[in-house]
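Below are the chains, spelled out letter by letter.
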Amino acid sequence: MTIAPALPIPATMRAMVQGDGDQAAIQEVPVPKLDEGDVLVKVDYASLNPTDWKHVAWLSPKGAVIGCDYTGTVVATTSHPRVHLKVGDRVAGWVHGGMYPDRGSYAEYLHIPADLCWKVPDNVTPQQAGAYGVPYCTAFHGLVHSQKGAWPPTKLNKWILIYGGSSSVGLYALQLAKLMGYKTITTCSPHNNDLVKSYGADEIVDYANPAAHLKIKEITGGGVDVAMDCISDAKTQAFCVDCFGDKGGQLNLTLQADPEVEKKRTDVKLVFTLLYTLFGKDISLAPRGQKNLIPAIPQERDFFAELCAKTPEYISVFGIRPPPLEERQGLDVITAAFEEMKAGKISGKRIVFKIGA
Ligand SMILES: NC(=O)c1ccc[n+]([C@@H]2O[C@H](COP(=O)([O-])OP(=O)(O)OC[C@H]3O[C@@H](n4cnc5c(N)ncnc54)[C@H](OP(=O)(O)O)[C@@H]3O)[C@@H](O)[C@H]2O)c1
């Protein structure tokens, strides 16, 4: 049963919607209906992830609403035991945008299970709140859930490589790794050295240096114990594997493991984080609505719900903060931002779009 909203909710909204082929455009579409346990969120800010343009280019079926990360205000709720939120609460998180006609953050409204979003602490601005989403959750999934890293923080005194420290995932991973007590080493372009240092990097190596992996082995006294590759193309995966010490270890990836890299060293375990399994539903990531079912993993949903419940505390107590932000206005500028991101022109920052009035 949907509880009556405090303000009238329109029947339709503006949203970025997948069209024919590899294009998406702004259209007028129905405001999503709520499932039991959901809240309806009026989107205030949404931010840009590589997965957003990748969905448009390769995956999204026609009619899907694009966009993952968001923050906004709850405008309607359902009566259900897991609904702890009320109309007027500020919330944030991410949805599997680009896959469904009623779920996406590049839209004026979205719906979300009430336990799979987090309440925004008062000292967090809407721009900041909208910029945690996918990369924040990916860093937690890799370093805490998958690697079983000690959390709340302790003193680990081991070397961790965060490959691609200036990426959005990398800047969250560096903060977590530093809090967890790791000795952190990262790679980035030299213009981002001060940035990654301020997010927790102890040692920094320029990945363009052909001897970068040797330098990492030298600094760490033989190689790292654990790693997260926040870029994860075949070349960076191979690089990361070469940075491990004699005992091997676990390398977490943000893209699928390259079969050739997997064969390189049997003592380095490659683990791919796929965030979309966190909603506890079967998903399909095949192009344009073809079926390639990845079954639901119930423990993944439990991890996500717990992370959402604790995120206000993680921000307030541990001070986990988003990357530097650049604000842009409206849904109409998103396609241009996709092109910038595809061209590799976004470095060491996140783009946040103001969606709501
Ligand atoms: N599996 C999942 O669920 C999941 C979740 C989140 C992200 N991802 C994937 O993870 C990747 C990173 O996402 P993101 O949002 O963090 O990206 P992002 O913020 O857009 O990354 C931009 C940064 O990447 C760095 N970079 C680019 N190529 C590099 C290379 N070859 N070596 C080292 N650094 C490089 C650049 O560093 P410099 O400017 O310093 O050179 C730049 O600062 C994307 O491919 C994304 O699709 C997957």
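Rules used throughout
Residues numbered from 1 in each chain as written. Predicted model: local features only at pLDDT ≥ 70, side-chain atom pairs only at ≥ 80, totals over all residues. Heavy atoms only, no water. Near = heavy atom within 4 Å. Polar contact = N/O pair within 3.5 Å; in protein donor to acceptor, adjacent residues only side chain to side chain. Areas by Shrake-Rupley, 256 points an atom, 1.4 Å probe, with all protein chains shown as cover. Helix = DSSP H or I, 4+ residues; strand = E, 2+ residues; numbered from the N terminus. Domains from an automatic or database assignment. Buried < 20%, exposed > 50% of the residue type's maximum accessible area, 1.4 Å probe, protein only. Contact = heavy atoms within 4.5 Å. Core = buried A, V, L, I, M, F, W, Y, C linked by side-chain atoms within 4.5 Å. Pairing = 2+ DSSP bridges. Axes fitted to C-alpha atoms, helices over the stretch in contact; angles between N-to-C directions.

Draft legend 1. Structural context of the site of the ligand. Around the ligand sit 28 residues in total, of which Ser166, Ser189, Tyr207, Thr273 and Ser347 are the nearest. One nitrogen or oxygen atom from the side chain of Tyr207 is found 2.4 Å from an oxygen atom belonging to the ligand. At a separation of 3.2 Å, an oxygen atom of the ligand approaches a polar backbone atom of Gly348. Against a free-state accessible area of 940 Å², the protein chains account for coverage of 84% of the ligand. Mapped onto the shell around the ligand, the elements with two or more residues apiece are helix H1 (50-59), helix H3 (133-146) and helix H4 (168-179). Counting contributing residues, the shell around the ligand receives three or more from each of domain 1 (12-132 + 322-354) and domain 2 (135-273).

Draft legend 2. H1, seen in detail. Among all positions of H1, only Thr51, Asp52, Trp53, His55, Val56 and Leu59 are buried. Those residues of H1 that are buried lie in contact with strand S1 (12-18), strand S2 (24-30), strand S3 (38-47) and helix H10 (334-342).

Draft legend 3. Main features of the nonpolar core. The biggest cluster of nonpolar side chains holds 83 residues, and the ones touching the most others in it are Trp94, Tyr106, Ile112 and Phe140. Summarising the domain contributions, this core has at least three residues from each of domain 1 (12-132 + 322-354) and domain 2 (135-273). Counting residues in hydrophobic clusters, the runner-up holds 20 residues, among them Ile216, Ala227, Val241 and Val268.

Draft legend 4. Seen up close, the sheet that holds strand S12 (residues 249-253). Strands sit in the order S10-S9-S8-S11-S12-S13 across an open sheet of six strands; the sheet is parallel. Since the sheet does not close on itself, it has two edges, and those belong to strand S10 (203-206) and strand S13 (268-272), each with one partner. Taken over all neighbouring pairs, the strand axes of this sheet differ in orientation by 20 degrees on average, direction set aside. When strand S11 (residues 226-229) meets S12, the two strands line up parallel, connected through four bridges. The partner of Asp229 across the bridge, within S12, is Leu253. Contacts from H4 reach strand S8 (159-163), strand S9 (183-188) and S11 within the one sheet, and its direction differs from that of S8 by about 165 degrees.

Treat this as a map of the structure, not an account of what it does.
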